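Results of the structural survey
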Amino acid sequence: MAPISIKKVLISESVDPCCKSILEENGIHVTEKQNMKKDDLIMEIKDYDGLVVRSATKVTADVINAAGNLKIIGRAGTGVDNVDVDAATKKGIIVMNTPSGNTISAAELTCTLLMSLSRHVPQAAMSMKAGNWDRKKFMGAELYGKTLGIVGLGRIGKEVATRMQSFGMKTIGYDPITPPEVSATWGVDQMSLEQLWPQCDYITVHTPLMPSTAGLLNDATFAKCKKGVKVVNCARGGIIDEAALLRALESGQCGGAGLDVFVEEPPKDRSLVDHPNVISCPHLGASTKEAQVRCGQDIALQIVDMVKGKSLVGAVNAQVLASTFSQESHQWIKLGEAIGSVLQSCTTSKQPFSQVQITTRGDCLKASTGYLTSAVMVGLLNHQSSGCPNLVNALTLAKESGIKVNQNHNQSDGNCLGVCEVEISANGSSYKASGSVQGGLPVLLELSGSVFRQPVSLTGKLLFFKALASPQLLQSVAGLLATAGVEMESFSAPAARTGDLWYCVGLSSLLGDLGALKPSVKEAAQLTI
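Keep in mind that this is a model prediction, so the values were computed, not measured. (Residues numbered from 1 in each chain as written. Predicted model: local features only at pLDDT ≥ 70, side-chain atom pairs only at ≥ 80, totals over all residues. Heavy atoms only, no water.)

Considering the overall build of the protein chain
When helices and strands are tallied, the protein chain shows 16 helices and 22 strands. For a compact globule of 529 residues, the expected C-alpha radius of gyration is about 24 Å, and the protein chain comes in at 30 Å, more than 25% above that figure. In terms of principal-axis extent, the alpha carbons of the protein chain reach across some 110 × 50 × 35 Å. When burial is assessed residue by residue, the protein chain has 49% of its 529 residues classed as buried. Within the protein chain, contacts between residues at least 6 apart in sequence are counted, and of these 63% link residues at least 24 apart. Accessible area of the protein chain: about 24300 Å², with a carbon and sulfur share of 52%. With 48 positive and 48 negative side-chain charges, the protein chain shows a separation of 1 Å between the mean positions of the two kinds. (Helix = DSSP H or I, 4+ residues; strand = E, 2+ residues; numbered from the N terminus. Rg over C-alpha atoms; globule rule 2.2 N^0.38 Å. Buried < 20%, exposed > 50% of the residue type's maximum accessible area, 1.4 Å probe, protein only. Contact = heavy atoms within 4.5 Å. Areas by Shrake-Rupley, 256 points an atom, 1.4 Å probe, with all protein chains shown as cover. Lys, Arg positive; Asp, Glu negative; His and termini not counted. Charge placed at Lys NZ, Arg CZ, Asp CG, Glu CD.)

In structure tokens:
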């Protein structure tokens, strides 16, 4: 991926000072403005290339659509619940977070709540402050020998497991992504949720909030648990159904809850906060000095590395870019965009497209089909999409336009000569182009059945035209161009010598009117690459 220009960054929340320092040391101007209202942020954001937030700033579609220059949204922390990722993707804006920045802090708070639930530490402390000495009221239970169910076995879930195992707890878990054999290496026995619920003395959740996890613990799941099960949520409010939790606490089905997060923050409904068996915190999962330094440092370094074209870490909506940080990938991206632009120009009268098939050939392109597909779509959509297509949003814009995009890679028996083939369908007709990279430059090998004698260099001002092959064709076209005051700088002809064929001419300047070629050609298109 070519380096992205980030000159001005807005930090809209309290982020560790190291974040600003690192960005400014790398030539990025930073403005810090905290506690802005939505309308203020909408007015402010239009001047910036980057935005750094924590969890309080709500980066809505309105904010994103007001950001004319924004290229990246950096979340100094885990999760991006406060960012409209779909709206950002549509505008081609990279959204990244710091997935490991607060891992230890969140895991330690989870363990703290688990221990506090087992021994009623906060309640006992408050009782002492009130002048009481009530040992019997706060009878607890050991964690030793108890079963802890961990829902979500990512970084935080893993750290919780290893820490609680030191207390002699049995750790079981569920995760749809982490392989069971992997979690088994750190002592967690994976199973289905239906198997997990009845076995747990304690349950802790460590998943993102999404449709599949909203209300994961509800009336039905509490009913499947042991009576008196204790639950902890240091992940996202809403993963545990708050109304169902209150009912389970009132009935005794749930013996206690440790909550660091709520659906509404701060919660206006105090029913859970005020419940005697609930230990609550004001979203302190990442509130340690170490986590704040780590998150601020990580997001700044991730932005700097991206700007310098070194790497892309933490991107949640631009995984296709992860393998585009080499000179070779830059060359193939240019090829993909150029092929897309050629086909777009040569089929303007036949559009809209209904389907695009991108095929890569050659061992050297085995891992490149993803970004080449996006690059081709950038070229195809450049002049017909209402958005501004780039590698981040090209496939999203194609889907919105009703274009079906297919991609595949064909091996080549050890031959490393890479070729990208593109076929588009428009109004019942099919158009094809294939190209490669030679000498570090993108070249066109074939256009709709016309295989060029020599590869066409895809750079500069190019005229493509379709005409009936004849010995007089070159002279005729050269004369028409001269009459229009345009010099012919190169001429590429197909290997075939009969029938309607595609030709390419390098121009000194673009023609003012392609109609001037009509006496000699059947179709014509021009573009600058």
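The structure having been displayed, the exposition proceeds.
Comments concerning helix H2 (residues 38–45)
Where H2 is concerned, the buried positions are Leu 41, Glu 44 and Ile 45. In a view along the axis of H2, the buried residues occupy a sector of 90 degrees, so they form one face of it. Set apart from the buried face of H2 by more than 90 degrees, the exposed residues are Asp 39 and Met 43. For H2, the secondary structure elements touched by its buried residues are strand E1 (8–11), strand E3 (50–53) and helix H3 (61–65). (Arc of directions from axis to C-beta.)

Considerations on the sheet that holds strand E20 (residues 488–492)
Strand order in the open sheet formed by 4 strands is E20-E21-E19-E22, with antiparallel pairing between adjacent strands. A strand with exactly one partner marks an edge of an open sheet, and here the two such strands are E20 and strand E22 (523–528). Strand-to-strand twist across the sheet, computed as the mean angle between neighbouring axes with direction ignored, equals 20 degrees. Here strand E19 (residues 461–468) runs beside E22; their pairing, made up of 6 bridges, is antiparallel. Looking across to E22, one finds that Lys 466 is bridged to Glu 523. Across the sheet, helix H13 (residues 327–346) touches E19, strand E21 (500–507) and E22, and the angle it forms with E22 is around 140 degrees. (Pairing = 2+ DSSP bridges. Axes fitted to C-alpha atoms, helices over the stretch in contact; angles between N-to-C directions.)

Observations regarding the packing of helix H5 (residues 103–119) against helix H7 (residues 155–165)
Contact geometry for H5 and H7: axes closest at 9 Å, N-to-C directions at 45 degrees. Here H5 is positioned oblique relative to H7, judged by the angle of their axes. You can see that H5 and H7 cross each other, and the crossing is right-handed. Every residue of H7 that contacts H5 at Thr 103, Ile 104, Ala 106, Ala 107, Glu 108, Thr 110, Cys 111 and Leu 114 is listed here: Arg 155, Ile 156, Glu 159, Val 160, Arg 163 and Met 164. (Parallel < 35°, antiparallel > 145°, perpendicular 65-115°, else oblique. Left-handed = near helix turned anticlockwise from the far one by under 90°.)

Remarks on the state of the cysteines
All told, the structure shown has 0 disulfides when counted by the stated rule. Unpaired in this structure, Cys 19 has its nearest cysteine sulfur neighbour in Cys 18, at a distance of 6.5 Å. According to the relative accessible area criterion, Cys 19 is buried, its value standing at 0%. Left without a disulfide partner, Cys 225 is nearest to the cysteine sulfur of Cys 200, which lies 6.7 Å away. Look at Cys 225 and you get buried, because its relative accessible area is 8%. (Disulfide = S-S within 2.5 Å.)

Remarks on the environment of His 409
With respect to the helices, strands and loops of the structure, His 409 is situated in strand E14 (residues 404–410). The class for His 409 is partly exposed, based on a relative accessible area of 23%. Separated by 144 residues in sequence, His 409 and Glu 265 place their C-alpha atoms 48 Å apart. Contact partners of His 409, with chain neighbours within four places excluded, come to Thr 360, Arg 361, Gly 362, Leu 365, Lys 366 and Thr 369. Within polar-contact distance, the side chain of His 409 engages the backbone oxygen of Gly 362 at 3.3 Å. (Polar contact = N/O pair within 3.5 Å; in protein donor to acceptor, adjacent residues only side chain to side chain.)

Things to note about the sheet that holds strand E8 (residues 189–190)
As summarised here, the arrangement of the 7 strands in space is E8-E7-E6-E9-E10-E11-E12, forming an open sheet in which the pairing is parallel. Where the open sheet ends on each side, the last strands, each with one partner, are E8 and strand E12 (278–280). Sheet strands touched by H5: strand E6 (147–151), strand E9 (202–205), strand E10 (229–233), strand E11 (254–259) and E12. Its angle to E10, the strand with the most contacts, is close to 150 degrees. In the packing of helix H11 (residues 242–251) onto the sheet, contacts are made with E10, E11 and E12, and the angle to E11 comes to roughly 140 degrees.

What to know about the nonpolar core
If you look at the biggest cluster of nonpolar residues, it comprises 71 residues, and the most contacted ones within it are Leu 447 and Phe 464. Within the second largest apolar cluster, 29 residues are counted, among which are Met 191, Leu 193, Ile 203 and Leu 272. (Core = buried A, V, L, I, M, F, W, Y, C linked by side-chain atoms within 4.5 Å.)

Side note on the side chain of Glu 13
Locating Glu 13 in the fold gives a position in the loop between E1 and helix H1 (17–25). Polar side-chain contacts of Glu 13 include one of 2.9 Å to the backbone nitrogen of Arg 54.

Points about the side chain of Gln 302
The topology assignment puts Gln 302 in helix H12 (residues 289–307). Judged by its relative accessible area of 8%, Gln 302 is buried. When neighbours within four sequence positions are excluded, Gln 302 is seen to be in contact with Met 96, Asn 97, Thr 98, Pro 99, Val 313 and Gly 314.

Section: the pattern of salt bridges
For the structure on display, the rule yields 13 salt bridges. For Lys 20, the salt bridge goes to Glu 32, with nearest N and O atoms at 3.8 Å. Residue Lys 20 is located in helix H1, and its partner Glu 32 is located in strand E2 (residues 29–32); the two are separated by 12 residues in the primary sequence. Overall, the relative accessible area of 26% leaves Lys 20 in the partly exposed class. The class for Glu 32 is partly exposed, based on a relative accessible area of 36%. (Salt bridge = Lys/Arg side-chain N within 4 Å of Asp/Glu carboxyl O.)

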